[in-house]
Amino acid sequence: MDDRKRDIGNNQGEKAVKVCVNEILKHGLDIEGHIEAQALGIVTSHITYPCPVSVRARLERDGDIIRAAISISATARMVCGRCLDQFDHGIAGKGDFIYNTGNGHFIDLSDDIRDSIILEYPMRRLCRPDCKGLCHKCGANLNQGPCGCAAE
Ligand SMILES: [Zn+2]
Ligand SMILES: [Zn+2]
């Protein structure tokens with residue numbers, strides 16, 4: 001049995017990605033699993049996640065200090081700022097974080113996981129770089145071809 005690898009599981013309904021500090025032994029701890037986007041608080045009226053967020057983390061402990069190297073992959077379903085169609089944006093985030101356990105028995109990775117995902121959101125949310133948007137007159141999606149208004 002590989003005691004260094006622990007599955008963070010499918011934390012459905014649970015709001016935190018908690019790691020028990022005592023599980024992080026000398027040789028460190030690797031965890032991996034999937035977390036519902038809803039539990040991370042990253043679902044909004046404009047951004048949803050068709051699949052759970054995939055997370056891997058390598059944890060190392062030095063006394064009260066825990067170092068965590070976290071990598072995340074997810075697919076965010078966003079609304080195009082021009083044509084209002086939905087599109088999927090692939091997210092691959094990475095970050096190194098330090099936690100001070102103090103007297104606690106758990107560290108909670110969820111805030112840093114959420115921030116790492118949000119950091120990877122595109123500045124301009126477009127379904128494609130050359131999205132033609134909607135016609136100002138009739139509201140037709142111009143990516144699907146000319147609406148006829150332009151001819152007037
Ligand atoms: Zn668009
Ligand atoms: Zn039109």
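Residues numbered from 1 in each chain as written. Chains lettered and ligands numbered in written order. Predicted model: local features only at pLDDT ≥ 70, side-chain atom pairs only at ≥ 80, totals over all residues.

Asker: How should I be thinking about the overall build of the protein in this particular structure?
Answerer: The secondary structure content of the protein amounts to two helices and eight strands. Helices (α) and strands (β) of the protein occur, in sequence order from the N terminus, as β-β-β-α-β-β-β-β-β-α. Taking all 152 residues of the protein together, 21% fall into the buried category. Look at the contacts in the protein between residues 6 or more apart in sequence, and 62% of them connect residues 24 or more apart. (Helix = DSSP H or I, 4+ residues; strand = E, 2+ residues; numbered from the N terminus. Buried ≥ 20, exposed ≤ 12 C-beta atoms within 10 Å, placed from the backbone. Contact = placed C-beta atoms within 7 Å.)

Asker: What should I look at first to understand the pairing of strand β7 (residues 86–100) in this one?
Answerer: Of the pairings in the sheet, the one linking strand β6 (residues 65–79) to β7 comprises 15 bridges and is antiparallel in character. Across the sheet, Ile65 pairs through a bridge with Asn100, a residue of β7. The turn joining β6 and β7, which pair antiparallel and follow one another in sequence, is formed by six residues; a positive phi near 70 degrees is taken by Leu84. (Pairing = 2+ DSSP bridges.)

Asker: Sorry, what's going on with unusual backbone geometry here?
Answerer: Residues apart from glycine generally show negative phi values, whereas peptide bonds are mostly found in trans. Residue Leu84 is not a glycine yet carries a positive backbone phi of 70 degrees. Its place among the elements puts Leu84 in the loop between β6 and β7. On the basis of neighbour counts, which here come to 12 C-beta atoms within 10 Å, the residue Leu84 falls in the exposed class.

Asker: Is there a simple way to think about the environment of Glu120 in this case?
Answerer: Its location among the elements puts Glu120 in the segment after α2 (110–119). Glu120 gets classed as partly exposed once you count the C-beta atoms within 10 Å, which come to 17. In this structure, the C-alpha to C-alpha distance between Glu120 and Ile91, residues 29 residues apart in sequence, is 6.2 Å. Not counting chain neighbours up to four residues away, the residues in contact with Glu120 comprise Ile91 and Gly93.

Asker: Whenever I open this one, the nonpolar core confuses me. Can you help?
Answerer: In summary, soluble globular proteins display a tendency toward joint burial of nonpolar side chains. With 27 residues, the main nonpolar core has Val53, Val55, Ile72, Leu109 and Ile113 as its most contacted residues. In terms of residues, this core owes the most to one element, β6, which gives six residues. Residues within four places of Leu109 in sequence aside, it is in contact with Val17, Val19, Ala57, Ala68 and Ile70. (Core = buried A, V, L, I, M, F, W, Y, C linked by C-beta atoms within 7 Å.)

Asker: Can you help me understand the environment of Leu40 in this one?
Answerer: Mapped onto the secondary structure, Leu40 falls in helix α1 (residues 37–40). Exposure remark for Leu40: the 25 C-beta atoms within 10 Å place this residue in the buried category. Separated by 70 residues in the primary sequence, Leu40 and Ser110 place their C-alpha atoms 6.5 Å from one another. Filtering out sequence-adjacent residues up to four positions away, Leu40 remains in contact with Ile35, Val53, Ser110, Ile113 and Arg114.

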